[in-house]
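# Understanding the architecture of this molecule
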Amino acid sequence: MYARLLKKPSRSAFLFGPRGTGKSTWIRQQFPQAPLYDLLDTREALRLSAAPDALYRELAGHPAGSWVVIDEVQKAPALLNEVHRLIEGKGLRFILSGSSARQLRRGGVNLLAGRAVTTSLFPLTSAELSSDFNPEHSLQFGTLPLAIDADAAQDYLRSYVETYLVQEVQAEALTRDVGAFARFLEVAARQNAQTTNATAIARDTGVNRRTVESHF
């Protein structure tokens with residue numbers, strides 16, 4: 001396990017970042033005693049989506065300054081109004097983590113302007129990897145923690161892409177044709193670090209140029 005350079009915030013914060021960067025691990029290390037609402041738990045997400053005010057009732061008695069964690073907050077965005085009330089009225093502090101800042105912004109929800117900072121956790125850096133940093137491996141497979149530790153990084157990344165296509169692109173209805181987007185993703189990945197040629201990518205992908213620009 002690698003020590004991350006991201007520092008513990010002193011006030012409420014959104015913590016965003018791609019899946020697999022270690023957000024949940026970092027949160028457990030930094031806030032081991034904080035109440036955790038894990039919205040990856042479908043039952044919990046449904047419970048709080050149906051009655052967002054339950055969050056207020058359950059937390060209103062906690063001392064001012066206490067920390068609370070809500071993981072995958074984009075799955076129940078109505079909770080942010082209750083978070084707002086708890087920050088303003090009860091002085092609680094929140095870590096609101098998730099892999100999809102886009103989903104929250106698209107929904108026009110309460111983003112707690114001025115009440116929560118926004119920060120991100122990215123894949124491992126060379127400084128965090130220290131002596132384990134291998135430029136050749138990093139250029140080929142990236143630096144997601146499990147891609148560094150996996151015996152078969154390519155297999156892990158293949159499953160990562162499949163999860164991304166289903167849980168991010170398809171679930172959020174970001175495109176009507178997931179198959180075409182999957183082809184685009186493969187072609188775009190092969191051209192990483194080259195000058196982007198949308199017309200050539202459109203030709204190789206079998207979609208029009210405007211669609212390629214939208215996918216990017």
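Cut-off values and rules
By convention here, each chain's residues receive numbers from 1 onward along its written sequence. Residue-level local features of this predicted model are given only where pLDDT is at least 70; pairs of side-chain atoms are given and counted only at 80 or more, and the full residue set underlies all totals for whole chains, interfaces and linings. The side-chain values count all of the structure's non-hydrogen atoms but skip hydrogen atoms and water molecules. To qualify as a helix, a DSSP run of H or I must reach at least 4 residues; to qualify as a strand, a run of E must reach at least 2; elements of each kind are numbered from the N terminus. A 1.4 Å probe rolled over the protein chains alone gives each residue an accessible area, and that area as a share of the maximum for its type sets the label: buried under 20%, exposed over 50%, partly exposed in between. Between two residues, a contact is recorded if the distance between any of their heavy atoms is within 4.5 Å. Each accessible area value is a Shrake-Rupley result obtained with a 1.4 Å probe; residue values ignore everything except the protein chains displayed when judging cover. Only C-alpha atoms enter the line fits that serve as axes; for helices the fit covers just the stretch in contact. Angles between N-to-C directions range over 0 to 180 degrees. Throughout this description, any angle smaller than 35 degrees is read as roughly parallel, any larger than 145 degrees as roughly antiparallel, any in the 65 to 115 degree range as roughly perpendicular, and the remainder as oblique. For any pair of crossing helices, the crossing counts as left-handed if the nearer helix is rotated counterclockwise from the farther one by less than a right angle, and right-handed if it is rotated clockwise. Lys, Arg, Asp and Glu make up the charged group, whereas Ala, Val, Leu, Ile, Met, Phe, Trp, Tyr, Cys and Pro make up the nonpolar group; the residues left over, Gly among them, are polar. Within this scheme a cavity is a closed region of a 1 Å grid, computed over the protein atoms alone, that accommodates a 1.4 Å probe without allowing it to escape, whereas a pocket is open but has protein on both sides within 12 Å along at least five of seven lines; lining residues each have an atom within 4 Å of a point. Grid points are joined across faces, edges and corners, and a volume is the space filled by probe spheres set on the points.

## Some details on the overall build of the protein
Along the protein, the regular secondary structure elements total twelve helices and five strands. In terms of principal-axis extent, the alpha carbons of the protein reach across some 60 × 45 × 30 Å. For the protein, with 216 residues in total, the buried portion stands at 40%. Across the protein, the fraction of contacts at a sequence separation of at least 24, relative to all contacts at a separation of at least 6, is 68%. Here the protein has roughly 12300 Å² of accessible surface; of this, 50% comes from carbon and sulfur atoms.

## Thoughts on the packing of helix H10 (residues 178–190) against helix H11 (residues 198–205)
Where H10 contacts H11, the axes come no closer than 9 Å and their chain directions differ by 130°. As the angle between them shows, H10 and H11 are arranged oblique. Read as a crossing pair, H10 and H11 show a hand that is right-handed. Taken together, the residues of H11 that come into contact with H10 (itself represented by Ala180, Arg183, Phe184 and Val187) are Ile201, Asp204 and Thr205. Of the residues belonging to the contact of H10 with H11, the class tally is four nonpolar, one polar and two charged.

## Examining the layout of surface pockets
Estimates place the volume of the largest pocket at around 1400 Å³. Lining the largest pocket are 40 residues, and of these Leu157, Tyr160, Val161, Leu185 and Ala189 sit closest to its centre. Counting residues per element, the lining of the largest pocket draws most heavily on helix H9 (residues 153–170), which supplies nine residues. Taken together, the residues of the lining of the largest pocket sort by class into 19 nonpolar, 13 polar and eight charged.

## Looking at unusual backbone geometry
Peptide bonds are trans in most cases, and residues, glycine excluded, mostly fall at negative phi. Even without being glycine, Glu72 reaches a positive phi, approximately 60°. Residues other than glycine seldom take positive phi values, yet Ser130 does so here, at roughly 55°. Within the fold, Ser130 resides in the loop between helix H6 (126–129) and helix H7 (135–141). Looking at Ser130, the relative accessible area reads 53%, which means it is exposed.

None of this, on its own, says anything about what the molecule does.
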